[in-house]
Amino acid sequence: MRNYVKAKGNHDDLTGQFRFGKLPAPRSRGVVNELRLLLPECKEHAEKLKTFGVTAKFVAEGQMLLDGMAGKSAAGAAMDVVRNRTGDVRDAELKLCQLFERLVTADESVAEETATEAPLFRLDLVRAEMARDAAMRAARQAAQPEPAGPQQ
């Protein structure tokens, strides 16, 4: 990368486009974390990096090293499943919120057109329930004991 910038200039701000840099802690976990950032960026900028030998085969080899270092154990695979399900739940929640907002907007417009109708779907009730749920979650987390030992 440095050779490319020196030879051709940094017109595309290549160094600013990449997030990886110096390893704060040169241990295997730091290398794994950097590889997780580096490999997708290498795929994204494949055309510019091809002149330096960063080919698809090179990136695939890096992915194999990452998989080996990250130790795709049963616990790691389970965490991947949980992470995917969490993402799916967040996507469904966003879709549900959008649909609910549309329903409330339609309900309010009907209530405005008809003097005898009041809105049926009141957001203040939903927001109160959400606040109660968040308060209960915070209370459960506060009641958990502090983890013993040093944090990493």
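As a starting point, this report considers the structure included with it. (Residues numbered from 1 in each chain as written. Predicted model: local features only at pLDDT ≥ 70, side-chain atom pairs only at ≥ 80, totals over all residues. Heavy atoms only, no water.)

**Regarding the overall build of the protein chain**
Okay, step 1: Helix and strand counts for the protein chain stand at 7 helices and 0 strands.
Okay, step 2: Listing every helix and strand of the protein chain by position from the N terminus yields α-α-α-α-α-α-α.
Okay, step 3: Expressed as a percentage of its 152 residues, the buried residues of the protein chain come to 14%.
Okay, step 4: Across the protein chain, every contact between residues at least 6 apart in sequence was considered, and the portion connecting residues at least 24 apart equals 41%.
Okay, step 5: Accessible surface, the protein chain as shown: approximately 12500 Å² in total, 58% of it carbon and sulfur. (Helix = DSSP H or I, 4+ residues; strand = E, 2+ residues; numbered from the N terminus. Buried < 20%, exposed > 50% of the residue type's maximum accessible area, 1.4 Å probe, protein only. Contact = heavy atoms within 4.5 Å. Areas by Shrake-Rupley, 256 points an atom, 1.4 Å probe, with all protein chains shown as cover.)

**Things to note about a negative patch on the surface**
Okay, step 1: Among the surface-exposed residues, Glu101, Glu108, Glu112 and Glu113 lie close enough to one another that they form a single negatively charged patch.
Okay, step 2: As for its position among the elements, Glu101 is in helix α6 (residues 74-113).
Okay, step 3: The class of Glu101 is partly exposed, set by a relative accessible area of 40%. (Patch = residues over 30% accessible without salt bridge, like charges linked within 9 Å, V, L, I, M, F, W, Y side chains within 5 Å. Salt bridge = Lys/Arg side-chain N within 4 Å of Asp/Glu carboxyl O. Lys, Arg positive; Asp, Glu negative; His and termini not counted. Charge placed at Lys NZ, Arg CZ, Asp CG, Glu CD.)

**Considering the pattern of salt bridges**
Okay, step 1: By the definition in use, this model includes 3 salt bridges.
Okay, step 2: For Asp133, the salt bridge identified is with Arg137, shortest N-O distance 3.0 Å. Taken together, the residues Asp133 and Arg137, both in helix α7 (residues 123-143) and 4 residues apart, mark about one turn of the helix.

**Quick word on the nonpolar core**
Okay, step 1: Val32, Leu35, Leu39, Cys42, Leu49, Val54, Val59 and Leu66 together form the largest nonpolar core, which totals 8 residues.
Okay, step 2: When residues of this core are traced back to their parent elements, those giving at least two are α3 (28-44) and α5 (56-70).
Okay, step 3: Considering every element that reaches this core, the biggest residue donor is α3, with 4 residues. (Core = buried A, V, L, I, M, F, W, Y, C linked by side-chain atoms within 4.5 Å.)

**Some remarks on α5**
Okay, step 1: Its 15 residues place the ends of α5 21 Å apart at the C-alpha level, agreeing with the 21 Å of an ideal helix rising 1.5 Å per residue.
Okay, step 2: Within α5 the residues assigned to the buried category are Val59, Gly62 and Leu66. The buried residues of α5 occupy an angular sector of 55 degrees when the element is viewed end-on, so they sit on one face. Away from its buried face, by an angle of more than 90 degrees, α5 presents the exposed residues Lys57, Met64, Leu65 and Gly68. (Expected span 1.5 Å × (residues − 1). Arc of directions from axis to C-beta.)

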